Amino acid sequence: MNVVSSKNIVHIIRRALNCVDPRLIGHGERVAFLLYEMLRVQGGHSEQELGDLTLLGLLHDIGAYKTEDIDRMVEFESQNIWEHSVYGYLFLKNLSPLSSYADVILYHHLPYYQYSLASGTLTRGHYGGLVHLADRADLLLENRDEAFCEQYLQKHRGHLFAPEWVDLFLQTNAQRSIAKRIYDGSYFQEFERVAQSVSFSRKEKLEFLTMIAYSIDFRSEFMVLHTVTTVSVSRVLASLMGMNGEEREKIYYAALLHDVGKVSTPVAILEKPGRLTTEEMAVMQRHVVDTGHILGDYLDSDVKRIAVRHHEKLDGSGYPLGLTGGQLSKSDRIVAVADILSALIRKRSYKEAFDKETTLSILTHMRDEKKICPQVTEIVLQNYDEILETAEAFGREVVEMYQGLQLDYRRILSALPPTLREQDPALSFRG
Ligand SMILES: [Fe+2]
Ligand SMILES: [Fe+2]
Ligand SMILES: [Fe+2]
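K.L.:
Looking at this structure, how should I read helix α13 (residues 202-217)?
P.N.:
Given 3.6 residues to a turn, an α-helix orients residues that are three or four positions apart in the same direction. When the terminal C-alpha atoms of α13 are compared, their 23 Å separation across 16 residues agrees well with the 22 Å that a helix rising 1.5 Å per residue should span. Looking at α13, one finds that the buried residues are Lys205, Phe208, Leu209, Met211, Ile212, Ala213, Tyr214, Ser215, Ile216 and Asp217. Here the buried face of α13 lies against α1 (6-18), α5 (81-95), α14 (226-240) and α15 (245-257).

Next up, the structure:
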């Protein structure tokens, strides 16, 4: 069974990134387009390399899931550009099939005059300079115009940007009218064409989706284990309930992707220690609609259906649609219970992790109130220890990865030469 095609993986990533902040909509795909066109004009790249680097352009700001970072990025400031660069680098390196290109993300804000400071660690990082230029060019085109963009790049040729990258941009614009195509929107067809040509193995596709899901969870300490727990509980429940191989696979993908819409939920809401206000609750609940939007028609329709129904309840009191028991399949019910169980057994910003007794009594209560499926609940009651053990085993790996990532993050930030870390007025630019 092919749950999702390579081309559609690119679209799911694109939509997830576009949900981060309205100010960044389209930024990743435009940077990807600019890179692709420049690399084509430069020549000498294999199709594989062109596809990889274009995807890297799309992903270059993946470390910026924290909205506080986006304010700084959009303002063109150099201060703390390292935070999202380092996170993006770590996500790519640890979680994606593009790990050999991770340096490009680390150095995607490194100005040319500081290349030498990073030279010891640069491997493929020279493409970081090209991503840097494409990134700035997109913001300049967006905030000013084509003439200003070209003048700015010329002015900083050999200072902020390597001379060869500036020349390549100007040459590409002259030959392929890249600025014009950004303005009239036709760049998107080219982006889609490139997306069409990439090809990933099944394993690589799963790696990309896992990277998106985990990097969203990793925004908040309280969410780190949520997806992995929901996935592992869903898996155990699905096999205990005798679902066939195809159904189990769909459940797996749906559990992995069920909360991707949380990419647009502010961290302040995810981490609020107390009860959410009505408004905050509405913002929180929007994540399901966003999950539906991100997944679009890009993957198996059952997977999407299961994912967007994880907050529905049998008695119609759930959201977003208020569906009732007759409308909810066994798979929908499994992931819904797994999601609840994951929230109960883990610590959250508003609660401690519940012990077995409390967890089971809450589930029993929900079952008696006709909110969750009695059969699925029964399986949980009978197999609680086994379910929890599996969840713990999978959880440990992810906790280790998260802790390793945090350590690497601090290590890399503090190892950066101080001159790279401090704000350089030459880099700041406002309207
Ligand atoms: Fe960036
Ligand atoms: Fe960017
Ligand atoms: Fe959710």
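After that view, the rundown keeps rolling.
K.L.:
Got a minute to help me understand the environment of Glu378 in this structure?
P.N.:
For Glu378, the location among the structural elements is in helix α21 (residues 374-415). Owing to 14 C-beta atoms within 10 Å, Glu378 belongs among the partly exposed residues under this scheme. Placed eleven residues apart in sequence, Glu378 and Arg367 show a C-alpha to C-alpha distance of 9.2 Å.

K.L.:
I tried to follow unusual backbone geometry on my own but got confused; where do I start?
P.N.:
Note: most residues except glycine have negative phi, and most peptide bonds are trans. Look at the link from Tyr319 to Pro320: it is a cis peptide, with omega at 5°. Residue placement: Pro320 occurs in the loop between α18 (301-308) and α19 (330-345).

K.L.:
Honestly, the confidence of the model for the chain in this entry has me stumped. Any pointers?
P.N.:
Reading predicted coordinates in detail is not appropriate for stretches of low pLDDT. Confidence in the prediction of the chain, expressed as mean pLDDT, is 89, and 91% of residues score 70 or more. In this model residues 421-431 is a low-confidence stretch, pLDDT under 50, and it forms 15 contacts with partners more than four residues away in sequence or in other chains.

K.L.:
Hey, could you run me through the nonpolar core in this one?
P.N.:
The tendency in soluble globular proteins is for nonpolar side chains to be buried as a group. By size, the foremost hydrophobic cluster in this structure holds 120 residues, and its most contacted members are Ile13, Leu35 and Val337. For this core, the leading source of residues is α5, giving nine residues.

K.L.:
Just checking my understanding: could you explain the domain arrangement of the chain for this structure?
P.N.:
It is common to give the size of an interface as the accessible area that goes away when the parts come together. As far as domains go, the chain holds domain 1 (6-199) and domain 2 (218-406). Distance between the C-alpha centres of domain 1 and domain 2: 35 Å. The interface is formed by twelve residues belonging to domain 1 together with 15 residues belonging to domain 2. Listing elements by their share of the side of domain 1 that touches domain 2, those giving two or more residues are α1 and α5. For the side of domain 1 that touches domain 2, the element with the most residues is α1, which contributes five residues. Residues of the side of domain 1 that touches domain 2, tallied by class, amount to six nonpolar, four polar and two charged.

K.L.:
Help me understand helix α2 (residues 27-42) in this model?
P.N.:
Here α2 contains 16 residues, and its C-alpha end-to-end distance of 22 Å stays within 8% of the 22 Å for a straight helix at 1.5 Å per residue. Summarising burial for α2: 13 of the 16 residues are buried, a large majority. Two residues or fewer after α2 comes Gly43, characterised by a positive phi angle close to 80°.

K.L.:
Explain the environment of Phe191 to me, please; I cannot follow it from the model alone.
P.N.:
Structurally, Phe191 can be placed in helix α12 (residues 187-197). Residues Phe191 and Ala32 lie 159 residues apart in sequence; the distance between their C-alpha atoms is 7.4 Å. Once residues within four sequence positions are removed from consideration, Phe191 is found in contact with Glu29, Ala32 and Phe33.

What counts, and where the lines are drawn
- Residues numbered from 1 in each chain as written.
- Chains lettered and ligands numbered in written order.
- Predicted model: local features only at pLDDT ≥ 70, side-chain atom pairs only at ≥ 80, totals over all residues.
- Helix = DSSP H or I, 4+ residues; strand = E, 2+ residues; numbered from the N terminus.
- Expected span 1.5 Å × (residues − 1).
- Buried ≥ 20, exposed ≤ 12 C-beta atoms within 10 Å, placed from the backbone.
- Contact = placed C-beta atoms within 7 Å.
- pLDDT = per-residue confidence, 0-100.
- Core = buried A, V, L, I, M, F, W, Y, C linked by C-beta atoms within 7 Å.
- Domains from an automatic or database assignment.
- Nonpolar A, V, L, I, M, F, W, Y, C, P; charged D, E, K, R; others polar.

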